[in-house]
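Structural characterization, general
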Amino acid sequence: MPDYLVKATAANGQIRAFAVSTKAMVETAHTVHHTSPVVTQALGRLLTAGALMGSMIKNHDELLTLKIAGDGPIKGLLVTADGQGNVKGYSYAPDLGDTPAAPMAVSDAIGDGSLTIIKDMGLKEPYVGFSPLVSGEIAEDLTYYYAKSEQIPTSVSLGVLLNDDGSVKQAGGFIIQLMPFTEEETILNLEKVLANTSSMTKLLDAGKTPEEILKNIFVDLDLNITTTEITRFLCNCSRDRVTKALIAVGEKDLEEMIADGENVEMNCDFCSEKYTFTTEDLRALLKAIRK
Ligand SMILES: [Zn+2]
């Protein structure tokens, strides 16, 4: 079953909700980046947030970036999402030496720091939102970000559950947002339900689908699922793009690389794909630039 996301409204449009399953996405990140358990969880949570927030993009050219910087050993995490369900990301430190038997807490791995959200809508200046981390557990940090930076009352839940070998057993999350005209009664009702909702890890462990997670929450709030979309870990890097990056280093550096006489290896941060350029390739590149 591929990962997918459902969009819904509830209480006559006073609430909008998004829920997603991201097991395959997070396992892909784990495989390509060789992440240790705590990094799989931290990166998995941020990728899940990327899938949820990416689905709110209205313009197809828009690109969303979620960046966490912290003083913990993970140092930072970067995730990008487009409006078509494509999400990718990496951790600045992929392996913290922790094991499934001796797990580290995500908040300890991240430490104190900040969350930056960049919405590049193809305009001159991208929208940049910024907030300090309040817990380092990512979901609470996003809730705080929405309240402070976008003034939207939001409930965020993100979870990644691992198998004993460190592979991903379950992953997913939800975002619930109140519209400005939400009645007090609806808010109280939702707060009560959310207080009684099991943790995301428990819901995932019970094998709940995104639809079932939302149905559980909005049992008395008239849930209306409007859209179902596929989401995935996908990197759009290519030899062409990497070649452009290599051209950007300039003629002088290219000449030096050629003089070294060794293959140049370029790695994509997002998917760890290796691109090798032989001295012959570099010579051809230099020739093309000078033309
Ligand atoms: Zn890539």
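Residues numbered from 1 in each chain as written. Predicted model: local features only at pLDDT ≥ 70, side-chain atom pairs only at ≥ 80, totals over all residues. Heavy atoms only, no water.

Overview of the domain arrangement of the protein chain
- Domain assignment breaks the protein chain into domain 1 (4-233) and domain 2 (239-290).
- Its C-alpha centre places domain 1 at a distance of 36 Å from the equivalent point of domain 2.
- In this assembly, eight residues from domain 1 lie in contact with four residues from domain 2.
- The contact between domain 1 and domain 2 buries some 510 Å² in all, and 67% of this surface belongs to carbon and sulfur atoms.
- Linking domain 1 with domain 2 are three residue pairs in polar contact (both at pLDDT 80 or more), by the criterion used here. (Domains from an automatic or database assignment. Contact = heavy atoms within 4.5 Å. Buried area = accessible area lost by both parts, 1.4 Å probe. Polar contact = N/O pair within 3.5 Å; in protein donor to acceptor, adjacent residues only side chain to side chain.)

Here we look at the side chain of T22
- Considering the arrangement of structural elements, one finds T22 in the loop between β2 (15-21) and α1 (23-33).
- We classify T22 as buried; its relative accessible area is 0%.
- A polar side-chain atom of T22 sits 2.9 Å from a polar atom in the side chain of T48.
- In this structure, T22 is in contact with D3, T48, A51, A171 and G172, ignoring residues within four places of it in sequence. (Helix = DSSP H or I, 4+ residues; strand = E, 2+ residues; numbered from the N terminus. Buried < 20%, exposed > 50% of the residue type's maximum accessible area, 1.4 Å probe, protein only.)

Some words on helix α8 (residues 239-248)
- By the burial criterion, the buried members of α8 are V242, T243 and L246. Looking straight down α8, one finds that the buried residues subtend no more than 105 degrees of arc, so they occupy a single side. Facing away from the buried side of α8 by over 90 degrees, the exposed positions are D240, K244 and A248.
- Among the structural elements, α9 (251-260), β12 (264-267), β13 (274-277) and α10 (279-290) are those in contact with the buried residues of α8. (Arc of directions from axis to C-beta.)

Focus: the coordination of the zinc ion
- Only C235 (SG), C237 (SG), C268 (SG) and C271 (SG) from the protein reach the zinc ion as donors, at distances of 2.2 to 2.3 Å.
- The site at the zinc ion holds four donor atoms, and with the angles between them running 103 to 113 degrees, its shape is tetrahedral. (Donors = N, O, S within 2.8 Å, 3.2 Å for Na, K, Ca; no water. Tetrahedral: all angles 85-135°; square planar, octahedral: opposite > 155°, others 65-115°.)

Thoughts on the packing of aromatic side chains
- Scanning the model with the defined rule gives three aromatic pairs in all.
- Plain terms: the ring middles of Y145 and Y146 are 5.6 Å apart, the flat faces sit at 65 degrees to each other, and that makes the pair edge-to-face. Comparing Y145 with Y146 shows no difference in burial state: the two are buried.
- Taken together through their ring pairs, the aromatic side chains of Y90, Y92 and F270 make up a single cluster.
- Above the face of the F270 ring, K88 is positioned so that its terminal group lies 4.4 Å from the ring centre. (Phe/Tyr/Trp six-rings, centres within 6.5 Å; stacked < 30°, edge-to-face > 60°. Lys NZ or Arg CZ within 6 Å of the ring centre and 35° of its normal.)

So, the sheet that holds strand β9 (residues 168-178)
- The strand order across the open sheet built from five strands is β8-β9-β2-β1-β10, with neighbouring strands paired in antiparallel fashion. Bordering the open sheet on either side are β8 (154-162) and β10 (224-230), each of which pairs with just one other strand. For this sheet, the mean inter-axis angle between neighbouring strands, taken without regard to orientation, is 10 degrees.
- Strand direction decides the pairing type here: strand β1 (residues 4-10) and β10, joined by six bridges, are antiparallel. If you follow V6 over to β10, its bridge partner there is T228.
- Sitting on the sheet, helix α5 (residues 184-196) is in contact with β2, β8 and β9, with an inclination near 165 degrees to β9.
- Each of β1, β2, β9 and β10 touches helix α7 (residues 210-217); the most contacted strand, β1, lies at about 25 degrees to it. (Pairing = 2+ DSSP bridges. Axes fitted to C-alpha atoms, helices over the stretch in contact; angles between N-to-C directions.)

Looking at the pattern of salt bridges
- Under the counting rule described, the total for this entry stands at nine salt bridges.
- One salt bridge connects R45 with E137, and the closest N-O pair in it is separated by 2.7 Å. Separated by 92 residues along the polypeptide, R45 in helix α2 (residues 37-54) and E137 in the loop between β7 (127-132) and α4 (139-149) bring together distant segments of the chain.
- Under the relative-accessibility criterion, R45 is labelled buried at 14%.
- Note that E251 is salt-bridged to R290, the shortest N-O span being 3.0 Å. Placement of the pair is E251 in helix α9 and R290 in helix α10, with a sequence separation of 39 residues.
- A relative accessible area of 35% places E251 in the partly exposed class.
- Taken together, the shared-partner salt bridges connect E251, E255 and R290 into one network. (Salt bridge = Lys/Arg side-chain N within 4 Å of Asp/Glu carboxyl O.)

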